Amino acid sequence: MATLLGNRIYLEMPKKEESKLIVDENTKEALEKEMLKKMNKLKVHSVGTANMEVVVGDYVLVDPAALSKAPIVPLSDDENVLLVSPFDVIMVW
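Everything numeric here is computed off the predicted structure, so don't read it as measured data.

Reading guide: rules and limits
- Residues numbered from 1 in each chain as written.
- Predicted model: local features only at pLDDT ≥ 70, side-chain atom pairs only at ≥ 80, totals over all residues.
- Heavy atoms only, no water.
- Helix = DSSP H or I, 4+ residues; strand = E, 2+ residues; numbered from the N terminus.
- Buried < 20%, exposed > 50% of the residue type's maximum accessible area, 1.4 Å probe, protein only.
- Contact = heavy atoms within 4.5 Å.
- Areas by Shrake-Rupley, 256 points an atom, 1.4 Å probe, with all protein chains shown as cover.
- Pairing = 2+ DSSP bridges.
- Axes fitted to C-alpha atoms, helices over the stretch in contact; angles between N-to-C directions.
- Core = buried A, V, L, I, M, F, W, Y, C linked by side-chain atoms within 4.5 Å.
- Patch = residues over 30% accessible without salt bridge, like charges linked within 9 Å, V, L, I, M, F, W, Y side chains within 5 Å.
- Salt bridge = Lys/Arg side-chain N within 4 Å of Asp/Glu carboxyl O.
- Lys, Arg positive; Asp, Glu negative; His and termini not counted.
- Charge placed at Lys NZ, Arg CZ, Asp CG, Glu CD.

A. Focus on the overall build of the protein. Counting its secondary structure elements, the protein contains 2 helices and 6 strands. In the protein, the succession of helices and strands from N to C terminus is β-α-β-β-α-β-β-β. Per-residue burial for the protein yields a buried fraction of 28% across its 93 residues. Expressed as a percentage of contacts within the protein between residues at least 6 apart in sequence, the contacts between residues at least 24 apart total 66%. With an accessible surface of roughly 7,000 Å², the protein has 55% of that area assigned to carbon and sulfur atoms.

B. Inspection of the sheet that holds strand 1 (residues 9-12) at higher detail. If you trace the 6 strands from one edge of the open sheet to the other, you get 4-5-1-2-3-6, paired in antiparallel fashion. The open sheet has two edge strands with one neighbour each: strand 4 (72-76) and strand 6 (89-92). Strand-to-strand twist of the sheet, defined as the mean angle between neighbouring strand axes without regard to direction, takes the value 45 degrees. In terms of strand pairing, strand 3 (residues 59-62) meets strand 6 through 3 bridges, oriented antiparallel.

C. Main features of the pairing of strand 5 (residues 79-84). Two strands pair when backbone bridges link them, and strand 1 and strand 5 are joined in this way by 4 bridges, in the antiparallel orientation. Its bridge partner being in strand 5, tyrosine 10 is matched across the sheet by leucine 83. Sheet topology note: the strand 4/strand 5 ladder contains 4 bridges and is antiparallel. Paired with isoleucine 72 across the bridge in strand 5 is leucine 82. Hairpin remark: strand 4 followed by strand 5, antiparallel, with 2 residues in the connecting loop.

D. Local environment of the nonpolar core. Among the nonpolar cores identified, the biggest contains 14 residues, and Ile9, Leu11, Val60, Val62, Leu67, Leu82 and Val84 are the most heavily contacted of them. Elements with a contribution of two residues or more to this core: strand 1, strand 2 (42-47), strand 3, helix 2 (64-69) and strand 5. Dropping the residues within four chain positions of it, valine 84 is found in contact with Arg8, Ile9, Leu11, Val62, Leu67 and Ala70.

E. Inspection of a negative patch on the surface at higher detail. Residues Glu12, Asp77, Asp78 and Glu79 make up a contiguous surface patch of negative charge. For glutamate 12, the position within the fold is in strand 1.

And the structure:
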């Protein structure tokens, strides 16, 4: 794998369960809220060379506004990660 440089963190994306069912808007909103709960605690996949406080394997809470704008980076055909700044990390477990 390539080296992640600077003040950057890759976070593992939570698994999204695919459904072939058609649901109404209320159910869709409930499912999206459930997905947001999973986004509250994300596992660190990789850490850039300049980051000192967060290490691979940590679970972090990230600013929801930053998560909504975080780019998805494809590392391989079956693995995507979220790219965030360490300044958007609120808490480490």
